[in-house]
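# Architecture at a glance
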Amino acid sequence: PLIPQNPPSQTLTGAPAPKKPKQEPSATASLAQEKMSAKHYLSKEMQAYFDTITTVLRDPKSPAPEVEAALRSLKFDPATSQLLPYLVRWVNDEVARAIKSDYIVLLNMIKVAQILVTTPTIHIEPYLHQIMPAIISCIVGKRLGTALPTDQILPRGEPLTFEQVFPDYNLRNEAATVITLVV
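Not measured: the values here are computed from a predicted model.

### Here we look at the packing of helix 4 (residues 80–98) against helix 6 (residues 128–140)
- Contact geometry for helix 4 and helix 6: axes closest at 9 Å, N-to-C directions at 30°. When the axis of helix 4 is compared with that of helix 6, the two are roughly parallel. Of the two possible hands of crossing, helix 4 and helix 6 adopt the one that is left-handed. Contacts from V88, V91, N92 and V95 in helix 4 reach Q130, I131, A134, S137 and C138 in helix 6.
- Its residues placed into classes, the contact of helix 4 with helix 6 shows 6 nonpolar, 3 polar and no charged.

This is how it looks when you write it as structure tokens:
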């Protein structure tokens, strides 16, 4: 590829390629050029794997065995390392989308974040600054997901349990656990 670090290519006759007049690009222009040349594309198989995982974990009505299989696959499949930038971006987008509507999706995203943080073959350090806002949002968010009104859970007159008074406690606790694993 024609990048500043590589020498100019030679023609078939062995004569050096004609040189272009040197221009002094600004620091931001050269940085932007380097970022543009470092694109990463997924193979069709990897894209299909990513789509399958995200479809199962995004749907709050997915059966529990499918969700567990998707999470287990993320934890033990070596392909997860190649998908790491895409998974981090996907977790952020899904948490932002589901923060006030889908409790189950938020819980699945925290489970994905926990897998990404705890799996020793995945090096999450370069992406921590991108995934931490999603995890912290699940801890300090005012309202997380949707919960049934307490009068629909229990008949009137019975005392409420802790989980019924604080329905999003489990999600906040899981997110806090992920934060402690990072620290």
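### Concerning the pattern of salt bridges
- Taken as a whole and assessed by the stated rule, the structure comprises 3 salt bridges.
- For the salt bridge of R58 with E94, the shortest nitrogen-to-oxygen distance reads 3.1 Å. Taken together, the positions of R58 in helix 2 (residues 44–58) and E94 in helix 4 put the pair 36 residues apart, joining distant regions of the chain.
- Taking the relative accessible area as the measure of exposure, R58 reaches 33% and is therefore partly exposed.
- Between R97 and D102 there is a salt bridge, with the nearest N and O atoms lying 3.4 Å from each other.
- Exposure remark for R97: the relative accessible area of 42% places this residue in the partly exposed category.
- By sharing partners, the salt bridges in this structure join R58, E94, R97 and D102 into a single network.

### Some points on helix 6
- For helix 6, spanning 13 residues, the distance from its first C-alpha to its last is 18 Å, which sits close to the expected 18 Å at 1.5 Å a residue.
- All of the buried residues along helix 6 are I131, M132, A134, I135 and C138. Seen end-on, helix 6 carries its buried residues on one side only, within an arc spanning 165°. Exposed positions of helix 6 whose direction lies more than 90 degrees from the buried face are H129 and V140.
- Where helix 6 is buried, its residues contact helix 4, helix 5 (103–118) and helix 9 (169–182).

### Some points on helix 3 (residues 64–76)
- Under the 1.5 Å per step criterion, the end-to-end length of helix 3 is 18 Å for 13 residues, consistent within 8% with the ideal 18 Å.
- For helix 3, every residue scored as buried is listed here: V67, A70, L71 and L74. Down the axis of helix 3, the smallest arc covering the buried residues is 95°, so these residues share one side. Among the exposed residues of helix 3, those pointing more than 90 degrees away from its buried face are P65 and F76.
- Against the buried residues of helix 3 lie helix 2, helix 4 and helix 5.

### With respect to the environment of V91
- Summarising the element assignment, V91 is placed in helix 4.
- Classification of V91 as buried rests on a relative accessible area of 1%.
- Between the C-alpha atoms of V91 and I110, which are 19 residues apart in sequence, the distance is 8.3 Å.

### A word on the confidence of the model for the protein
- With 71% of its residues at a pLDDT of 70 or more, the protein shows a mean pLDDT of 80.
- Overall, residues 148–152 carries pLDDT values under 50, and its contacts beyond four positions in sequence, including any with other chains, amount to 3 contacts.

Calculation rules
Residues numbered from 1 in each chain as written. Predicted model: local features only at pLDDT ≥ 70, side-chain atom pairs only at ≥ 80, totals over all residues. Heavy atoms only, no water. Axes fitted to C-alpha atoms, helices over the stretch in contact; angles between N-to-C directions. Helix = DSSP H or I, 4+ residues; strand = E, 2+ residues; numbered from the N terminus. Parallel < 35°, antiparallel > 145°, perpendicular 65-115°, else oblique. Left-handed = near helix turned anticlockwise from the far one by under 90°. Contact = heavy atoms within 4.5 Å. Nonpolar A, V, L, I, M, F, W, Y, C, P; charged D, E, K, R; others polar. Salt bridge = Lys/Arg side-chain N within 4 Å of Asp/Glu carboxyl O. Buried < 20%, exposed > 50% of the residue type's maximum accessible area, 1.4 Å probe, protein only. Expected span 1.5 Å × (residues − 1). Arc of directions from axis to C-beta. pLDDT = per-residue confidence, 0-100.

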